[in-house]
Amino acid sequence: MSRNTQSLWDRPIESTAVSLLEGLATTRAIRRYTDEPIPEAHLRDIMFSATRAPSGSNRQPFRFMVLTDGNRAAQAKEIIAKSAQNIWAEKERNDGYAQGSGADPDSPKSRMARTMRGYVDNFGAVPALILPCMIRYRAPDPMEGASVYPAVQNLLLAARALGYGGVITGFHRPVEQELKTLLSIPEEVFVSCTLTLGKPQGGHGPVRRRPLDEFVFTDTWGLSADWAIDPPGTRFTSAGPPKKTS
Ligand SMILES: Cc1cc2nc3c(=O)[nH]c(=O)nc-3n(C[C@H](O)[C@H](O)[C@H](O)COP(=O)(O)O)c2cc1C
């Protein structure tokens, strides 16, 4: 078996090169992929890792529709591609991506808009489209996602460990019924998100988030824990919740 198709069971593999904590801090949303297909042995390893996730009572209500090539996969990708293009066109307009710093082609805003435009335009050609689903066994409740999204994050982390990248989206939502019909997904099954996966054209790297003390409180809401300090060299984003005022 070539190195490229080695699995978790044929150690050592590339995954040993990234520690768990490093992987956690460097798994970015990857929206640009090479044309390389993902070997089935790698898909197996990624999906195995996904299915190791916890769920309430270990009920494991998650299922994954993994779509790579073939007619039905192409149709599903195309259905979501159209939805993605519509959603992005509306967001680009409504959020004024061409205005302000968006006029400067080198601004982060313009770069983001270009990445998103490329992503939705090429969505039909993503190497793997995955629809994480959940079998509903009771009326929808706020906790139900907690039995499927840990598996989704496991999936992304395993992909990262094997040299792939991906991103979660909600682009399936306007076309969920069409997808369910195409893929014979039962009525009681909820498509939790859309996930695309492939070999990154760019690289992974440290994600940027808000400072730790804005998220971690102790005793009183808003009171940061003294130890909630980011490691030296952490870089931040201005996106996210509003800054603390006191
Ligand atoms: C629940 C959820 C929904 C998301 N929906 C979309 C989406 O519809 N389209 C998209 O391009 N990215 C989507 N993302 C990806 C986020 O935009 C991305 O993770 C975030 O901007 C942070 O980027 P980073 O991980 O590269 O730092 C979603 C992520 C999550 C967790």
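Quick caveat, the model's predicted, so the values are computed rather than measured. Each chain has its residues counted from 1, running along the sequence as written. Given that this is a predicted model, residues contribute local features only at a pLDDT of at least 70 and side-chain atom pairs are listed and counted only at 80 or more, while totals for whole chains, interfaces and linings are drawn from all residues. Calculated side-chain values reflect all of the structure's heavy atoms, with hydrogen atoms and water omitted.

## Describing the site of the ligand
Consideration 1: Note on definitions. A residue lies near a molecule or strand when any single heavy atom of the residue is within 4 Å of it. Close to the ligand lie R28, A29, R31, M116, V167, I168, T169, G170, F171, V207 and R209, which account for all nearby residues.
Consideration 2: Here a polar contact is recorded for every N or O atom pair within 3.5 Å, except that within protein the pair must consist of a potential hydrogen donor and a potential acceptor, and residues adjacent in sequence are included only if both atoms are side-chain atoms. At 2.9 Å, a backbone N or O of A29 approaches an oxygen atom of the ligand.
Consideration 3: Residue R31 places a side-chain N or O atom 2.9 Å away from an oxygen atom belonging to the ligand.
Consideration 4: Methods summary: accessible areas were calculated by the Shrake-Rupley approach with a probe of 1.4 Å, and residue burial reflects only the protein chains presented. Here the ligand loses 53% of its free accessible area of 630 Å² to cover by the protein chains.
Consideration 5: Under the scheme used here, helices are H or I runs from DSSP no shorter than 4 residues and strands are E runs no shorter than 2 residues, and both carry numbers assigned from the N terminus. No other element matches the 3 residues that strand β3 (residues 165-169) contributes to the shell around the ligand.
Consideration 6: Grouping the constituent residues of the shell around the ligand by class yields 6 nonpolar, 2 polar and 3 charged. In the scheme used here, Gly and all other residues not listed as nonpolar or charged are polar, with Ala, Val, Leu, Ile, Met, Phe, Trp, Tyr, Cys and Pro taken as nonpolar and Asp, Glu, Lys and Arg as charged.

## Focus on unusual backbone geometry
Consideration 1: The phi dihedral of S57 falls on the positive side, at around 55 degrees, and the residue is not glycine.
Consideration 2: Note that S57 resides in the loop between α2 (40-50) and β1 (62-67).
Consideration 3: On the accessibility criterion, S57 (73% relative accessible area) is exposed. Three labels apply to residues, based on accessible area from a 1.4 Å probe with only protein chains included: buried if under 20% of the type maximum, exposed if over 50%, partly exposed otherwise in between.

## Examining the pattern of salt bridges
Consideration 1: What makes a salt bridge here is a side-chain nitrogen of Lys or Arg within 4 Å of a carboxyl oxygen of Asp or Glu, nothing more. Scanning the entire structure with this criterion turns up 8 salt bridges.
Consideration 2: Notably, a salt bridge pairs R117 with D121, separated by 3.2 Å at the nearest N-O pair. Of this pair, R117 and D121 are both found in helix α4 (residues 108-121), 4 residues apart, which corresponds to roughly one turn of the helix.
Consideration 3: Relative accessible area serves as the criterion here: at 44%, D121 is assigned to the partly exposed category.
Consideration 4: The residue E187 makes a salt bridge to K180 at a minimum N-O spacing of 3.8 Å.
Consideration 5: With relative accessibility at 56%, the residue E187 sits in the exposed group.
Consideration 6: One salt-bridge network, in which partners are shared between bridges, spans E92, R117 and D121.

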